[in-house]
Every structure is written in C-alpha cells, then in structure tokens.
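Chains, contacts and geometry: an overview
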Amino acid sequence: MKPDFEDIYYILPALITIITLEVIEMIRENHFGAGKKSLFASVCIGSVAIAIASLVKGVVLYIYVWIYQFRLFTLPADIWWAWVICFFADDISYYWFHRCSHQIRFLWASHIVHHSAQTFTLSTALRLPWTSNITGTFLFWAWMPLVGLSPVMIVTMKSLSAIYQFWLHTEKIKKLPKWFEAMFNTPSHHAIHHSSLVNHLDKNHGGTLMICDRLFGTFLNKTQKPVYGLTKNINSNNPFVIIFYEWANLFKDLKKSKTFIDCLNFIFNSPGWTNNGNSKTTRILRAERLMNKGRIRKLQI
C-alpha cells in the first residue's frame, strides 16, 4: 500500500474509526495484549508517511506533466473508457512496482517497512515507507503519461488503489465469493503476501486485481495459516529503527564490499544476497525447502 496524494486525508476519519473498531474487537477477544506498541509504531509511521507524500505530490505530478508533453496519443479524461484503461494500466504498474520492491534490495530497503509488523491488522496498512519516493518508485507509472493518460487521471487512480488496499489488511474478513476472489485482491490473498513462510514469500503482489499475479506465476491461494512478519524480524517498535533498519544494513554491506560488482549486487540483487553466503535469497530458501522435502520423502520410503 502506498498513498501518494492528499485524497487520503478525506477518508482519514473513516480509517481511524475502522481501526478503532478493530482494536476494540481485539480487546474484547483478548487478542490485543502486546499489540499496543506495534499499533503505536504503525500510527506514527503512517502519520509521517502521509505527510511526506503530501509534500512531494507536487514534484511527482510535475514529472508526470513534463512526460505528458511527449505523449504518443491523447486519451481524454472525459471519456469513460479512458478511465477503464487508466484503471488497468495503474494495476499493471503497481504489480511491477510491488514485485520489483521484493526482488531489488534498493527498493526493498523502503518496502520492508510495510512487512515489518508481526500482526495482520488494519493498522498494519499504515506501515508505509518514508523513503520510497527517493528511490524513484513513482517512475513505474511514468509510461502512462507517454501513452496519453492525463497526469490527473494517473494520480487519482493511484490514490483510489491505495484506498482500496487499506481494507485488505485484516483477518476479520474470511473468504469472499469465488468470483470476487478469482479476480480481485482480498484479505485472504494479501495475508499470503504478508506471510514469512518460505512457500508464501514473494506471492500475490497485486494491488486491486489478481490478474497480473495469475498471468506471471506469482499467485498463491491461501491453504496454510500465514506467519506474519519477516524471515528475520526487526524486533523493535521504534518507528525510526523500523524505517531505517534495512538502509543501515545495506550501507554496512556496501562498506565491507571488496569489489564494484559486489556493490552492484548488494544494491540491485535480491534481498538476502551476500558475497559470503551468510544470508539467503528467497530463491535459495525455496530450493532448500524442496531439497528437505525430498529427503523426508526418501526417509519415509
């Protein structure tokens, strides 16, 4: 989830009300407990993230407007089908931004914040990075003004997508009707995305729709209870520690790099890549899991 524009302010009262109701329900069920500090961290992180997004929105919009000058076509904003095109284009852009944020460490250093909570509640949706615009994530949408989509349409659709994704962060909503689960992102699908189980890693990257995940092989149905958080949790509720945790690790790795190639790998390779094998990427973790399952089967035979 990544709100970019101040439209989010208009629904803040509703978001606060819904989060409060969820907290009350968790207290009633005696499930809140240690979640108090996590909730406080999420609210602090989200508040600053929304403020930062509002400050930089003008810069992002200006860049889209500048690119729009070189558009190949013009899709008028007053025609309904142009908005349909914008909707699908935004969802495709979000998918690739999200997928790359899990596969390129430079982008993961920001995105890790959203996965840092070891709970899956509506307040988890507030864990938004402060540094994502610095890493240029808004450029994943830069092709849209080139094909003639109005910058105003683009930023509006991005905002609507972010609002839609808020309600995905809850275990209170179980499986929805099959037709809805087949096409749209739901709490059931997004719970898998926030799981740290090896077979759940880097799955279900979609924003509003699940179409890209199904097309590009990253879709996974929920058949196993997720374990929320990271493969190596941050174990801190200090907002500043959470925000800059992976950036600090990245700079440490760069500092001890012996070659330029190592530096490039630390920045652009998958999270977990090292030149000494001290940590593991998702691909390696999956390969080891398959090998272990194979050994277990042989022992059983």
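The following refers to the structure shown. Because the structure is predicted, anything quoted here is derived from the model rather than measured.

Conventions used here
- Residues numbered from 1 in each chain as written.
- Predicted model: local features only at pLDDT ≥ 70, side-chain atom pairs only at ≥ 80, totals over all residues.
- Heavy atoms only, no water.
- Helix = DSSP H or I, 4+ residues; strand = E, 2+ residues; numbered from the N terminus.
- Polar contact = N/O pair within 3.5 Å; in protein donor to acceptor, adjacent residues only side chain to side chain.
- Salt bridge = Lys/Arg side-chain N within 4 Å of Asp/Glu carboxyl O.
- Buried < 20%, exposed > 50% of the residue type's maximum accessible area, 1.4 Å probe, protein only.
- Axes fitted to C-alpha atoms, helices over the stretch in contact; angles between N-to-C directions.
- Parallel < 35°, antiparallel > 145°, perpendicular 65-115°, else oblique.
- Left-handed = near helix turned anticlockwise from the far one by under 90°.
- Contact = heavy atoms within 4.5 Å.
- Nonpolar A, V, L, I, M, F, W, Y, C, P; charged D, E, K, R; others polar.
- Patch = residues over 30% accessible without salt bridge, like charges linked within 9 Å, V, L, I, M, F, W, Y side chains within 5 Å.
- Areas by Shrake-Rupley, 256 points an atom, 1.4 Å probe, with all protein chains shown as cover.
- Expected span 1.5 Å × (residues − 1).
- Bend = angle between axes of the 7 residues up to and from the residue.
- Core = buried A, V, L, I, M, F, W, Y, C linked by side-chain atoms within 4.5 Å.

Structural notes on the side chain of Thr-137
Here Thr-137 lies in the loop between helix 5 (105-111) and helix 6 (143-146). Within the structure, Thr-137 has its side chain in polar contact with the backbone oxygen of Ser-132 (distance 3.2 Å).

What to know about the pattern of salt bridges
Here the structure, examined in full by the defined rule, presents five salt bridges. Its salt-bridge partner being Arg-105, residue Asp-253 comes within 2.7 Å of it at the nearest N-O pair. On the criterion of sequence distance, the pair formed by Asp-253 in helix 11 (residues 239-255) and Arg-105 in helix 5 is long-range, its members being 148 residues apart. Neither Asp-253 nor Arg-105 differs from the other in exposure class; each is buried.

Some details on the side chain of Ser-93
Along the chain, Ser-93 falls in helix 4 (residues 80-103). A polar contact of 2.8 Å, which involves the side chain of Ser-93, links it to the side chain of Trp-143.

Let's talk about the packing of helix 11 against helix 12 (residues 260-268)
At a minimum axis distance of 9 Å, the contact between helix 11 and helix 12 shows a crossing angle of 165°. When the axes of helix 11 and helix 12 are compared, the pair comes out roughly antiparallel. Our pair here, helix 11 against helix 12, has a crossing hand that is right-handed. Residue-level contacts link Leu-250, Asp-253 and Leu-254 of helix 11 to Cys-263, Phe-266 and Ile-267 of helix 12. Residue classes in the contact of helix 11 with helix 12 are distributed as five nonpolar, no polar and one charged.

So, a nonpolar patch on the surface
Together, Trp-80, Trp-81, Val-84, Ile-85, Phe-88, Ile-92, Trp-96, Met-183, Ile-211, Leu-215 and Phe-216 line one region of the surface with nonpolar side chains, adding up to about 1,100 Å² of accessible area. Listed by contribution, the elements that provide at least two residues to the nonpolar patch are helix 4 and helix 10 (211-215). Of the residues forming the nonpolar patch, the biggest block, seven residues, is contributed by helix 4. Structurally, Phe-88 is set in helix 4. You can call Phe-88 partly exposed: its relative accessible area is 39%.

Concerning helix 11
Taking 1.5 Å as the rise per residue, helix 11 with 17 residues should run 24 Å; its terminal C-alpha atoms sit 25 Å apart, in good agreement. At Tyr-245, helix 11 shows its largest bend, some 45°. All of the buried residues in helix 11 are Pro-239, Ile-242, Ile-243, Glu-246, Trp-247, Leu-250 and Asp-253. The backbone nitrogen of Phe-240 has a side-chain oxygen 2.9 Å away, supplied by the residue at the start of helix 11, namely Asn-238.

As for the packing of helix 4 against helix 7 (residues 151-166)
Helix packing geometry: the angle between the two helix axes and the distance between the axes. Between helix 4 and helix 7, the shortest axis-to-axis distance is 10 Å and the interhelical angle comes to 60°. With respect to each other, helix 4 and helix 7 are oriented oblique. As helix 4 runs across helix 7, the sense of the crossing is right-handed. On the side of helix 4, the interface is formed by Ala-82, Trp-83, Cys-86, Phe-87, Asp-90 and Tyr-94, while helix 7 contributes Met-153, Ile-154, Thr-156, Met-157, Lys-158, Ser-161 and Gln-165. Across the contact of helix 4 with helix 7, the residue classes tally to eight nonpolar, three polar and two charged.

What to know about the nonpolar core
Of all hydrophobic cores here, the largest spans 16 residues; its most connected members are Tyr-64, Cys-86, Trp-141, Met-144, Leu-149, Met-153 and Ile-154. Mapped by element, the contributors of at least two residues to this core are helix 3 (35-68), helix 4 and helix 7. Sorting elements by how many residues they give to this core places helix 4 first, with five residues. In this view, Met-144 contacts Cys-86, Ala-89, Asp-90, Ser-93, Leu-149 and Ile-154; residues no more than four positions away in its chain are not counted.

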